Each structure stands twice: as structure tokens, then as C-alpha cells.
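Geometric and topological summary
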Amino acid sequence: VGGQRASGERRAAMIRPGTSLTKQKQKRAAAPKIAPGKKADAQKPELEEFLKNCDYVGAIALLEFEKKAKEERPHLLMWLAYVYFHNGDYKKAMDAYDEAIKKENDKNIHVYKACCMYALCQYTEAEEEAQKAPDTSLKTRLLFHTAHKRNDESAMMAHHQALTDSREDQLGLAAIQYLRSHFQEATDIYKRLLVDDREHWALNVYIAFCYYKLDYYDVSLEILQSYLTQYPHSITAVNLKACSHYQLYNGKAAEQELKVLQQASSSGNIFQEHDLLQHNLVVFRNGENAIQVLPPLLDIIPEARLNLVIYHLRTDEAQEAYNLIKDLEPAVPREYILKGVVFAALGQRTGYREHLKLAQQLFQLVGASASECDTIPGRQCMASCFFLLRQFEDVLVYLKSIKPYFSNDDDFNWNYGIACANAADYKEAKEALLQVQNDKYRVEFCYLSWLCRCYIMSGEPGLAWETYVRMDTNAESFNLLHLIANDCYKMGHFYYACKAFDVLERLDPDPEFWEGKRGAAIGVFQRAVAGKAGGEADKLQEVVTILRSTQNPQVDQVNKVIKRWAKDNRVKLDI
């Protein structure tokens, strides 16, 4: 991806979405018409006009020109650092501040430079730089946020107490509440500020973010609209709208919402220019380009780590998913659930019981919580918890309560089918397993073995046999044949048991397989004597033929008994 280095290496100049697309080069207004033969007076653009339009690229061009031309502008380096910062060019902003420190007698420049370091995720360096500046509210807010990034609770408390009721300090506090997943507390602060200033439109975006995080996607869209009316090309707002559509509908609907940014962009590659849009396109497109886009964003966008974990789970890379999430301290239900899924996947793959135990505890923590117990994810968690404990009757209590919401979900039908089978409800289990459409799932041995068991237990052994016949010959087909032979014998489907034991004996001359085949053959004969289904003449003939192919002295004795009965009952058999 353009602008990114090798995976894992932080970029020198990270680009984040600004307020709107107007930060790009603006289309200049049409020049006034000039009378023929007259030259237009060249007018130098004003810095204030660039800043008013958030055209930071234009402002940078102007200030760099003035710097090279050595024009006199008060605090030129400070202005240059300011516009570089707002354009997302934090490294260049730092360079400008370094120059300014040598020329300006203002120790506050250290805290401005520290803000650039914070934006580059250099939290320790940002703290050290900020300490060189005098005490100000900006310094307090910055140290409050660096303490949060370093998980230093005592420092956070100290800086929290130093905050005032000013709008800037309260916005900083609300941001911390949001980052700590205290979305309701953040919303309360934003709403209080909005009462004081109804035209502070950005507050609507912050409130919409909080409602999005609280899963109130419709409410989030409604609140967001007032801001989009004022700033229809805001990258942050349009992106949030797209995310809400993703949650309410699907990735295609979400991507459609982003087209307004592409159409308004003058560069034509808006998605490649902004980390946030790159990240969300990966999500909207179901993981496409995840391995290229997400790793460099792990320390920039919190969700990047979670989405990369999901990508590894989808590609059956449980160990890679575990490596990414093992040190994550979950803060919201979604993070607890994802960590539980990773532990469960790795535990089932490796057989390590400690991982399965941790997964079960994480699922129980979410499913039993007051806020989640009556939600769909909460009930899924309780079902997963009991599944790992092998308490399948309890699993079904929870899965049946949410079944109407997952009629076409392969994962749900898989888990529901296996739970039903373990609870001996084979008819329901068979119907659920047959609804699984994923071709990858349908060829797994686990799926085939449970489906065959359901066929057999539901009185359809022929379908189980057909499933085996369609398989390639390998270790899994041998194991499936073993299951069919034993389950058919157990359920009295002796004809198919005899066929299965016959193939097993050919593959492995184990005396147990001969005994199974002999018992099944006698079972078919017994049903023929009793006149029951499964003992028809054609089946009895096939069983006799199977027995004759075995080099065992007991075969003649069994066939002699069958031949005598066939003669007495005028059943035509070729023995």
C-alpha cells in the first residue's frame, strides 16, 4: 500500500483524517474577468483564508514560500508547525518547532512539540518534552492523556484533579472516558457542553460516537445528521455514518456511504491517503488486504488489533491470533468475547485444557453479566461456556432462545446441530447440519461424522453409507467407516454394519472386524427369519456373498444354516 513501509515499522509521517476534505488543495474560485489587453494584478493569498477553509496544504505552500523568500511574518515557524500538525505531518511540525525554539523565547513550544510526539505514539518522549514547559492547562491535558496511554493510574488521578471546568479540559476528560469505554459518562459531558454552545457542531459527532459504541446505531445516525448537514464532506463523520450502516446492514452498504468522499476528493485516492478509511475498507470488504493494511496500524487504531485477530481466526491461524491478543486487557464485552474465542480455538487445536478453561471463564463473565445476559451475544457466550463444559442440555436452552435470528448462519447451525446430537435429538441435529452451506465446513471430518451418526440414529443408514462412498480413501474415511459400522450395529442396521465391517476387514485384518461382520451378517439373517425390513432376499444374498469372500472356517458353518433356512422357506439364494 502506498505510503507504508514494511509490516510493523512505524511510518515517519502518519496521515490521519482531518475535519474535512477541504484540507486538500482547494479548487480556486474562478478568476474575475479582466478587460482585454489588461494584466490582472497578482494577489498573494491570505493565510487566514486558508485556515478558515481548513486548507492546510495551501497554508503550508504559502508559509514555505515565505520562509524561502525570507519574508517577514511574525512567528512564521510557529504558524508553519501549526499547519503541519493539522495536516497530519507531525514529524515536519516537530522540525518546525525545533527551529522555533532557537528563535522564539517561548518555553510553551516544548508542550506543542510534545503534542506532536503524542500523535506519533511516542508517549514517554512526549512526557519528557512536556515537562520542560511551564504549567498550563494544555500541559495538564497532555500529561493526563500520556498517563492513560502508559496505564499509570496514580498519575491520571493527579492530573484529573488539576482539570478545570473549561471547555478544553472537559473535552479532554470526555475523551479519556471514551477511551476507557465509559461511554455514558463521556456522553454526559458532551451533552452538558452542547447545552452551553448549541453551535459547537463537532459535539454532535462525539455524542454520535458514544451512541455507536453503546450499539445505538440508529440514534448515532440521527445525531450525526446535524453535523453532516453543515459539513457533508467530513471524513470522520462520513466514516462514522458508514460504520453505522455496516452494523445495521452490511459492508456493501457501508462502502456506498464512503463514495461521497471519493467524489469530493481532488486527489482521486482518498482511501489510500487516510489510515482510518484504509482500515475500515478492510472490514467492509470482509478482510480483503488485511495482512497488508492492518499490521502498521496496530499502535494507531485500537480496532486494528482486534480485526487482525478476527482475520487470523478466519484463516485458521489460531496461534497468530493468540500472539496478538494474549496481552490485551479486555475492557468491553466484544473484547472479552474475542479473547474467549481465540483461547477456545487454540485450546481445541492443541488440546491444552488451560486455554479451554480460560475461554469458558471469559464466556461466562460476559454471559452472566447484568448488562449482557439478555442480549444475543450474551446468550451466545453462555451457550459457548456450557459447550466447553459439555453440558449440552444447557447449551440448547440458550441456543434455542436465539435460533430465529440465525436461520442462515453456518456457524450457528453447526454448533446447534452438534449440541442437539450430543443431547440425542438426532432428527433436529440432522436438519441443522444439513443447513450448513459452507463447503469448507461440509468436508471436515467432524461435520461428516456427526451427520452420519444423525443419519444412522434417525433410521437412514443408507445416507450415511453414501456419505462414506463419496469420500476419498484416507485415514479419515477409515475412521468414518469405523463409526458407521459400530453405530449401525448398535441401532440394528445390520446390512450396512456388515458392509462397513467387510471393508474394514479388507483394510485391516483385525479379528474384531471379522467378529463384527459375522454378527452383522447373522443380524441380517435374523431379520429375514422374522420377516422384518433389512432382511430382504436381495440383502441376504449380498451378505452371503460378502461372507464367502472371507477366508475363515466359520463362514461355511454360517452359510450352511442360512442355506438350510432358505431351502425350507423357498427363498432363492445362490450359496
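Quantities reported herein were computed from a predicted structural model and do not represent experimental measurements.

Re the overall build of the protein
Summing up its helical and strand segments, the protein has 34 helices and zero strands in all. Against the compact-globule benchmark of 25 Å for 575 residues, the protein has a radius of gyration of 35 Å, which places it well outside the compact range. Its C-alpha atoms give the protein principal-axis dimensions of roughly 120 × 65 × 40 Å. For the protein, the proportion of contacts with a sequence separation of at least 24, taken over those separated by at least 6, is 48%. Surface exposure of the protein reaches about 31,200 Å², of which carbon and sulfur atoms provide 50%.

Some remarks on the pattern of salt bridges
Scanning all chains against the criterion turns up 24 salt bridges. Between Arg 285 and Glu 255 there is a salt bridge; the shortest N-O distance is 2.6 Å. Remark: Glu 255 occurs in helix α14 (residues 251-257) and Arg 285 occurs in the loop between α17 (275-284) and α18 (290-293); sequence separation between them is 30 residues. Here the salt bridges do not stand alone but share partners, grouping Asp 502, Glu 505, Arg 506 and Lys 517 into one network.

A word on unusual backbone geometry
Although it is not a glycine, Cys 121 adopts a positive phi angle of roughly 65°. Structurally, Cys 121 can be placed in the loop between α5 (109-119) and α6 (123-130). The buried category is assigned to Cys 121, whose relative accessible area is 12%. The backbone of Asp 316 shows a phi angle near 60°, a positive value even though the residue is not glycine. Accessibility expressed as a relative area gives 39% for Asp 316, which makes it partly exposed.

Digging into the nonpolar core
Counting residues in hydrophobic clusters, the biggest one holds 65 residues, and the most contacted among them are Val 395, Ile 484 and Leu 540. Discounting residues that sit within four places of it in the chain, Val 395 has contacts with Ala 383, Phe 386, Phe 387 and Ala 419. Counting residues in hydrophobic clusters, the runner-up holds 64 residues, among them Leu 77, Ala 81, Ala 119 and Ile 325.

Examining the packing of aromatic side chains
Centre distance and the angle of the planes are the two values used to describe a pair of aromatic rings. A complete count under the given rule lists 24 aromatic pairs for this structure. Geometrically, the ring pair formed by Phe 85 and Tyr 90 is edge-to-face, given 5.2 Å between the ring centres and 70° between the ring planes. Overall, the relative accessible area of 7% leaves Tyr 90 in the buried class. Seen from their ring centres, Trp 414 and Tyr 441 are 5.5 Å apart, and the 65° between their planes marks the pair as edge-to-face. Taken together, the residues span a long stretch of sequence, with Trp 414 in helix α25 (residues 410-422) and Tyr 441 in helix α27 (residues 439-442) at a distance of 27 residues.

Focus: helix α22 (residues 353-367)
Compared with the 21 Å implied by 1.5 Å per residue over 15 residues, the 21 Å span of α22 between its first and last C-alpha is a close match. Residues of α22 that are buried include every one of His 355, Leu 356, Ala 359, Gln 360, Leu 362, Phe 363, Val 366 and Gly 367, and no others. The arc that holds the buried residues of α22, viewed along the axis, is 165°, so those residues lie on one side. In α22, those exposed residues whose orientation departs by more than 90 degrees from the buried face are Arg 353 and Leu 365. Buried residues belonging to α22 abut α20 (318-325), α21 (333-350) and α23 (376-388).

A look at helix α32 (residues 511-530)
Residues that lie three or four places apart on an α-helix share one face, since the helix turns once every 3.6 residues. In this model, α32 (20 residues) spans 29 Å end to end at C-alpha, consistent with the 28 Å of a helix rising 1.5 Å per residue. Burial in α32 covers these residues: Phe 513, Trp 514, Gly 516, Lys 517, Gly 519, Ala 520, Ala 521, Gly 523, Val 524, Phe 525 and Ala 528. Contact partners of the buried residues in α32: α30 (475-491), α31 (494-507), α33 (537-548) and α34 (554-568). Structurally, the start of α32 carries an N-cap: the backbone nitrogen of Glu 512 is 2.9 Å from a side-chain oxygen of Asp 510. Phi turns positive, to about 70°, at Gly 531, one or two residues after α32.

Things to note about the packing of α32 against α34
As a packed pair, α32 and α34 sit with axes 11 Å apart at the nearest point and diverge in direction by 5°. Looking at the two axes, α32 sits roughly parallel to α34. Across the interface between the two elements, Trp 514, Arg 518, Ile 522, Phe 525, Ala 528 and Val 529 of α32 pack against Gln 554, Val 555, Val 558, Val 561, Ile 562 and Trp 565 of α34.

Quick notes on the side chain of Glu 372
Tracing the chain through its elements places Glu 372 in the loop between α22 and α23. Buried and unpaired, Glu 372 has no salt bridge, with Arg 334 as the nearest side chain of opposite charge at 8.5 Å. The residues contacting Glu 372, other than those within four sequence positions of it, are Pro 333, Val 366, Gly 378 and Arg 379.

Some details on the packing of α5 against α6
Across the interface, α5 lies against α6 with an axial gap of 8 Å and an inter-helix angle of 175°. Here α5 lies roughly antiparallel to α6, going by the angle between them. For the pair α5 and α6, contact is made by His 110, Val 111, Lys 113, Ala 114, Met 117 and Tyr 118 and by Tyr 123, Glu 125, Ala 126, Glu 129 and Ala 130, respectively. Across the contact of α5 with α6, the residue classes tally to seven nonpolar, one polar and three charged.

As for the confidence of the model for the protein
Residue-level pLDDT values for the protein average 90, and 92% of them are 70 or greater. Predicted confidence for residues 1-36 stays below pLDDT 50, and this span has 87 contacts to residues more than four positions away or in other chains.

As for the environment of Lys 403
In this structure, Lys 403 sits in the loop between α24 (392-402) and α25. With relative accessibility at 32%, the residue Lys 403 sits in the partly exposed group. Sequence spacing of Lys 403 and Leu 328 is 75 residues, and the spatial spacing of their C-alpha atoms is 31 Å. Side-chain polar atoms of Lys 403 contact the side chain of Glu 428, separated by 3.4 Å.

Points about the state of the cysteines
Taken as a whole and judged by the stated rule, the model has zero disulfides. You can see Cys 210 has no disulfide; the closest cysteine sulfur is in Cys 243, sitting 15 Å from it. According to the relative accessible area criterion, Cys 210 is buried, its value standing at 0%. The structure places no disulfide on Cys 381, whose sulfur is separated from the nearest cysteine sulfur, that of Cys 385, by 9.1 Å.

Describing the environment of Tyr 231
Relative to the elements of secondary structure, Tyr 231 occurs in the loop between α12 (217-230) and α13 (235-248). Distance in space between the C-alpha atoms of Tyr 231 and Ala 202 is 9.9 Å, their sequence separation being 29 residues.

Criteria and cut-off values
Residues numbered from 1 in each chain as written. Predicted model: local features only at pLDDT ≥ 70, side-chain atom pairs only at ≥ 80, totals over all residues. Heavy atoms only, no water. Helix = DSSP H or I, 4+ residues; strand = E, 2+ residues; numbered from the N terminus. Rg over C-alpha atoms; globule rule 2.2 N^0.38 Å. Contact = heavy atoms within 4.5 Å. Areas by Shrake-Rupley, 256 points an atom, 1.4 Å probe, with all protein chains shown as cover. Salt bridge = Lys/Arg side-chain N within 4 Å of Asp/Glu carboxyl O. Buried < 20%, exposed > 50% of the residue type's maximum accessible area, 1.4 Å probe, protein only. Core = buried A, V, L, I, M, F, W, Y, C linked by side-chain atoms within 4.5 Å. Phe/Tyr/Trp six-rings, centres within 6.5 Å; stacked < 30°, edge-to-face > 60°. Expected span 1.5 Å × (residues − 1). Arc of directions from axis to C-beta. Polar contact = N/O pair within 3.5 Å; in protein donor to acceptor, adjacent residues only side chain to side chain. Axes fitted to C-alpha atoms, helices over the stretch in contact; angles between N-to-C directions. Parallel < 35°, antiparallel > 145°, perpendicular 65-115°, else oblique. Lys, Arg positive; Asp, Glu negative; His and termini not counted. Nonpolar A, V, L, I, M, F, W, Y, C, P; charged D, E, K, R; others polar. pLDDT = per-residue confidence, 0-100. Disulfide = S-S within 2.5 Å.

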